[in-house]
Amino acid sequence: MSQEESLRLGQVPAIEGTGQAEVGSPAWSATPSFRARVAWDRWCAVFFRGTLGLVHLLALGLLLGLLWKSFPLLGQLSFGELFFSTAWHPLKGQYGFLAFIVGTLGVTLIAMGIAAPLSLLAAIYLSEYAGKRTRSVAIPFIQLLAGIPSVLFGLWGMLALVPGVRLLGTALGFRTTGYCLLSGGLVLSLMVCPIVISVAWEILQRVPMAAREAALSLGLTRWETTRHVLLKLARRGLVVSLVLGCSRALGETMAVLMVVGNVARLPESLFSPVYPLPSLIANNYGEVMSIPRFDSALMLAALILMCVVTAFNLGARALLQQLERGWRS
Amino acid sequence: MPLIQIRNLNVYYQKQQALREVSVDIPDRAITAVIGPSGCGKTTLLKSINRLTDLGEGIQVKGEILIDGANVLAPSADLLLLRKKIGFLSQRPFPLPMSIRDNLTFAPRVHGMRPRDIVEQIRQMETHWPMVGPGMVNRPLPGRRSYREAGLLLTEYYLRLAALWDEVKDRLDSPAQGLSVGQQQRLSLARALAVNPEAVLADEPTSALDPTSSSIIEKQLKLLRGRFTFVVVTHILRQAKRLADYVLFLYLGELVEHGPAAEVFTHPRDPRTRAYLSGEIN
Amino acid sequence: MRRRKITERIVQGLMVLSLGALGLCFLSLLLLVVFRGLHGLTPAMLLETPKGGFYLGKEGGIANAIVGSLLLSIGATLLSLAVGLPLAFALQREYSSARMRAATRLMLDVLWGTPSIVFGAFGFVIMQLVGLRTSLLAGTLTLALVILPIMVRTMEEVLRMIPPDFKETVWSLGLTRTEAFLRVLSRQALPGFLMAILLAFGRGIGDAASILFTAGYTDNLPSSLLDPVASLPLSIFFQISTPIAEVQDRGYASALVLLVLVILVQVVAFGLNRRFSRHLIR
């Protein structure tokens, strides 16, 4: 049998080339302690493998649980009433998700629109231009920032961003409190940057040095090299970094909740309040028991979120796998 | 005044010294072979000349390298001009992620060469150093404004110089990554020549290639040496003997001996050179 | 030539600006929390629980939230570890087939990307199903779900990075795979494991969305697993949301506590990793 198989069955791998007998042959004495060790190994393996099953159970349970809980509502209202209507009146039994979907997409788009160019430029700088000292400071700092809790970003948003946006909005002629789509997008873009920068940087590092040598030795500037050679080679990986940032933006709850206004209406401008899906769920769990079908509605919101984010993540994963295959060849 | 003059070159990788007090003039329009055991600084010497050492971390380069009399190791040196004048062929060819034609026309375009410059460049080349054949010069040349035709002319000319034209002439727009290693290396040669350098540095250009491709590259180098200066690093003694007009022997970071190939190979002065040539040191 | 250099300079400037803008925003976040929170940070804040009217300006502190967050996070980390560590082993080649591994990694990726609010909603569903009320137990379980994928991903990477020759040496000693992993290879993986645990812990302290519905909120310290429990993020949120200035000030102080905790955990995590990595085989 192959070495892998014999390993999996908990047996000690036979020592090749020494002429020693394989496990199980009469010349090999299976002492009681040896049998005990093998048995212990087998039990551990069963336990370990059990956790694999647990993961599958969890993932499927999550999906099915949300689906099951949303069913009542899905059965009652039509697709159009649910996803294309902005009429959100739980007491009257109207659950139109459009405003929330638009809110979620709006905040995410603004966040990515700002974060993408800034983060990519920063990542290129760190990879191609920055000296060792800058990098040794910047990269741990960025990793630290990725771990800062959402509430703190929300706090900063409330204190530093919202007043500024209010000023900007009134200066431009809009009536706004500052708690609006733009604020949400700005706070979110800040939260998304660390993850995009760190993934993009790693991807750029993996482009072989030979590419840079080949381009630079032709007399190209660093930027020309980056633009025409490196970015082309790293394109898929950079897309992955953006997709990952996007999925983080879609699911972010607390920070956005604190600055975005939470009004279930389609936004008329950047300075109108919006109500993204995560905020909807977070704000209303208290009402869940008192209004019929409300819990279904919230679970449906969670389900929509999960489906979209999962689609993004699996897409990123597929892209990454293609990349890895490309590098190995 | 020779094109490339090296004066008191010292290179350090972190704390280790890779090159020690190297001083030499590289003869123009000839093939200079840099020989020596592996790890003795041959590649470092090459990369110092066109300052590819800037890419590495913790590499310190001290001394002077004069190209056309100007020290390129000075912080104010014009790197773009330097790298246009001195081309580079690496051990493993790396095609730019574009079509074959774009691989060749990209750098000239970036350097701002206009169609008439390209036409003039090729005409000059063929008139004074005919290498491709009268067909290229005598045919009707493109008008002054046509970028596309100038690009095609450039592509054809330099691919012929690299002995690659016949193999790829019907797929110029296909990605360069699809070529075999030997073809990619010839493409790299054509690409390096297309910006009209004075010299080309080649770091073990045939070590990754099969024997047939290797001999094609060697043949082209010998053909081109009348027009360009070549500095070729090689660890294959027989290749050095085939190609070299001038020889540099590097051992443990020191330039032990240098001189015309005939002299160094038949009457080496230093015992270390003798030991290397006879195969004692590897 | 001049234009290219100008472009290069402009682009470099833009890059530095981007990095600078981001750095500035983050710095302003840190400074904001520190400066507005520092003077509100009294021992009473840290050691007392909110008395009646705390949210209206009366005395008390956030001990309930600090203790609550620590309990939730420690509990979730331990729970996650109990499942995650065996899981990381199970994902190694020696324990499962390639197909099982690929399928499980897919599921883990799905879980890894799921927003914590979705976990919170799911936790709520389970709570209703089982008849559990908002409690320390429910919050811990939900939080464990959130940090499990993060922990496993890091641990699995650590195990995968063990050099294969090291593994071969261990096999040739005649150990069973469990003995090999638990007794020998774990030492190699230990720093990485510690870092994974600490990072997961840090993530757990700051997460609010998952415990919003499941842990509830209370002004008291929990006396049993079935009591609702306060948490720092929520405490901050509630204090900031009041219009009263003193309460808001205390909110910033609470934010400072959270910030310090999170940064401390991360610094310790990276520090431990580096310190223990000295004895690793590379």
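Keep in mind it's a predicted model, so treat the numbers as computed, not measured.

Caption draft 1: Up close: the overall build of chain A. On a plain count of helices and strands, chain A comes out with 13 helices and 2 strands. Counting all 329 residues of chain A, 49% fall into the buried class.

Caption draft 2: The overall build of chain C, seen in detail. Across its full length, chain C carries 10 helices and 0 strands. Ordering the α and β elements of chain C from the N terminus gives α-α-α-α-α-α-α-α-α-α. When the backbone C-alpha atoms are referred to their principal axes, chain C occupies close to 70 × 70 × 35 Å. Sorting the 282 residues of chain C into buried and exposed places 49% on the buried side. A fraction of 76% describes how many contacts in chain C between residues 6 or more apart in sequence connect residues 24 or more apart.

Caption draft 3: Focus on the packing of helix α3 (residues 100-110) of chain B against helix α8 (residues 181-194) of chain B. Residues and elements named next belong to chain B. Packing of α3 against α8 leaves a shortest axis separation of 8 Å and a crossing angle of 25 degrees. Taken together, the axes of α3 and α8 are roughly parallel relative to one another. Pair α3 / α8 crosses with right-handed handedness. Taken together, the residues of α8 that come into contact with α3 (itself represented by I100, N103, L104, A107 and P108) are L187, A190, R191 and A194. Across the contact of α3 with α8, the residue classes tally to 7 nonpolar, 1 polar and 1 charged.

Caption draft 4: Local environment of the interface of chain C and chain A. Listed as interface residues are 69 residues of chain C and, on the opposing side, 69 residues of chain A. Listing elements by their share of the side of chain C that touches chain A, those giving two or more residues are α1 (2-38), α3 (63-90), α4 (98-113), α5 (116-130), α8 (177-206), α9 (232-241) and α10 (245-276) of chain C. Per-element tally for the side of chain C that touches chain A: the top contributor is α1(C), with 18 residues. Of the residues assigned to the side of chain C that touches chain A, the class counts are 46 nonpolar, 15 polar and 8 charged.

Caption draft 5: Examining the nonpolar core more closely. If you look at the biggest cluster of nonpolar residues, it comprises 269 residues, and the most contacted ones within it are L152(A), A301(A), A302(A), A190(B) and A121(C). Among the elements that make up this core, the one with the highest residue count is helix α7 (residues 181-206) of chain A (17 residues). When residues of this core are sorted by domain, at least three fall in each of domain 1 (3-11 + 29-68) and domain 2 (82-328) of chain A. Not counting chain neighbours up to four residues away, the residues in contact with A302(A) comprise L66(A), I281(A), I117(C), V118(C) and A121(C).

Caption draft 6: View of the environment of S215(B). Its location among the elements puts S215(B) in helix α9 (residues 211-224). Each C-alpha atom, one on S215(B) and one on Q239(B), is 9.5 Å from the other, the two residues being 24 residues apart in sequence.

Caption draft 7: Inspection of the confidence of the model for chain A at higher detail. Here chain A averages 86 in pLDDT, while 90% of its residues score no lower than 70. In this model, residues 13-21 of chain A is a region of pLDDT below 50 whose contacts with residues beyond four sequence positions or in other chains number 11 contacts.

Caption draft 8: Inspection of unusual backbone geometry at higher detail. Residues and elements named next belong to chain B. Look at N8: it is not a glycine, yet its phi comes out positive at around 50 degrees. With respect to the helices, strands and loops of the structure, N8 is situated in strand β1 (residues 4-13). The class of N8 is exposed, set by 12 C-beta atoms lying within 10 Å.

Caption draft 9: Quick peek at the packing of helix α6 (residues 150-171) of chain A against α1(C). Between α6(A) and α1(C), the shortest axis-to-axis distance is 10 Å and the interhelical angle comes to 90 degrees. Taken together, the axis directions place α6(A) and α1(C) in an arrangement best described as roughly perpendicular. Mapping the contact onto sequence places L152(A), L155(A), W156(A), L159(A) and A160(A) in α6(A) and S28(C), L29(C), L32(C) and V33(C) in α1(C). Split into classes, the residues belonging to the contact of α6(A) with α1(C) amount to 8 nonpolar, 1 polar and no charged.

Caption draft 10: Spatial organisation of the interface of chain A and chain B. Residue-level contacts link 18 residues of chain A with 19 residues of chain B. When residues of the side of chain A that touches chain B are traced back to their parent elements, those giving at least two are α8 (209-216) and α9 (222-233) of chain A. Top element by residues in the side of chain A that touches chain B is α8(A). It accounts for 8 residues. Its residues placed into classes, the side of chain A that touches chain B shows 10 nonpolar, 3 polar and 5 charged.

Caption draft 11: Molecular detail of the environment of P86(C). Here P86(C) is to be found in helix α3. For P86(C) and V152(C), which are 66 residues apart along the polypeptide, the C-alpha to C-alpha distance reads 9.3 Å.

Caption draft 12: Structural view of the pairing of strand β6 (residues 86-89) of chain B. Residues and elements named next belong to chain B. Covered by surrounding structure in β6 are I86 and F88 together with G87 and L89, the residues of both alternating faces. Here β6 pairs with strand β7 (residues 199-203) via 4 bridges, running parallel. Looking across to β7, one finds that L89 is bridged to A202.

Caption draft 13: Spatial organisation of the pairing of strand β4 (residues 59-67) of chain B. Residue and element names in this part refer to chain B. Across 8 bridges, β1 lies against β4 in antiparallel orientation. Residue pairing across strands places N10 opposite K62, the latter belonging to β4. Where β4 lies against strand β5 (residues 70-71), 2 bridges are found, and the strand directions are antiparallel. Each residue of the ladder has a partner; that of I67, found in β5, is A70. Linking two consecutive strands that pair antiparallel, namely β4 and β5, is a turn of 2 residues; a positive phi of about 55 degrees is found at D68 within it.

Caption draft 14: Main features of α6(A). Residue and element names in this part refer to chain A. In this model α6 runs 30 Å from its N-terminal to its C-terminal C-alpha over 22 residues, within 8% of the 32 Å that 1.5 Å per residue would give. At L161, α6 shows its largest bend, some 40 degrees, and a proline, P163, comes one to four positions later. In the segment just after α6, G173 is the residue with positive phi, at about 100 degrees.

Caption draft 15: The arrangement of the confidence of the model for chain C in detail. All names here are of chain C. Residues with a pLDDT of 70 or more make up 99% of chain C, whose mean pLDDT is 88. No element of chain C has a lower mean pLDDT than helix α2 (residues 43-47), which averages 80, and none a higher one than α3, which averages 93. The ipTM assigned to the predicted complex is 0.90, against a pTM of 0.87.

Caption draft 16: Representation of helix α4 (residues 98-129) of chain A within the structure. End to end, α4(A) covers 45 Å across 32 residues, agreeing with the expected 46 Å (1.5 Å per residue, within 8%). For α4(A), the principal kink sits at A115(A) and spans about 30 degrees; a proline, P117(A), occurs within the next four residues.

Calculation rules
Every residue gets a number counted from 1 within its own chain, in the order that chain's sequence is written. All chains are assigned letters beginning with A, and all ligands numbers beginning with 1, in the order in which they are written. In keeping with the model being predicted, local features are shown solely for residues with a pLDDT of at least 70 and side-chain atom pairs are shown and tallied solely at 80 or more, while totals for entire chains, interfaces and linings include all residues. Numbering goes from the N terminus for both helices and strands, where a helix is a DSSP run of H or I of at least four residues and a strand is a run of E of at least two. Counting other C-beta atoms within 10 Å of each residue's C-beta, where C-beta atoms are placed from the backbone, gives the exposure class: buried for 20 or more, exposed for 12 or fewer, partly exposed between. Working definition of a contact: two residues with C-beta atoms, positioned from the backbone, lying within 7 Å. Axes here refer to lines fitted to C-alpha atoms; in helices the fit is confined to the stretch in contact. Angles between the N-to-C directions go from 0 to 180 degrees. Each angle gets one of four labels, with under 35 degrees taken as roughly parallel, over 145 as roughly antiparallel, 65 to 115 as roughly perpendicular, and the rest as oblique. Here a crossing is called left-handed whenever its near helix is offset anticlockwise from the far helix by less than a right angle, and right-handed whenever the offset is clockwise. Residue polarity follows a fixed list, in which Ala, Val, Leu, Ile, Met, Phe, Trp, Tyr, Cys and Pro are nonpolar, Asp, Glu, Lys and Arg are charged, and the others, Gly among them, are polar. Defined on buried residues, the nonpolar core groups Ala, Val, Leu, Ile, Met, Phe, Trp, Tyr and Cys residues joined through C-beta atoms within 7 Å. Start and end points for every domain follow an automatic or database-based domain assignment. The predictor's confidence in any single residue is recorded as pLDDT, a number from 0 to 100. When DSSP locates at least two bridges between a pair of strands, those strands are taken to pair. Helix span is expected to be 1.5 Å times the residue number reduced by one. The seven residues ending at a residue and the seven starting there each receive a fitted axis; the angle between those axes is the bend at that residue.

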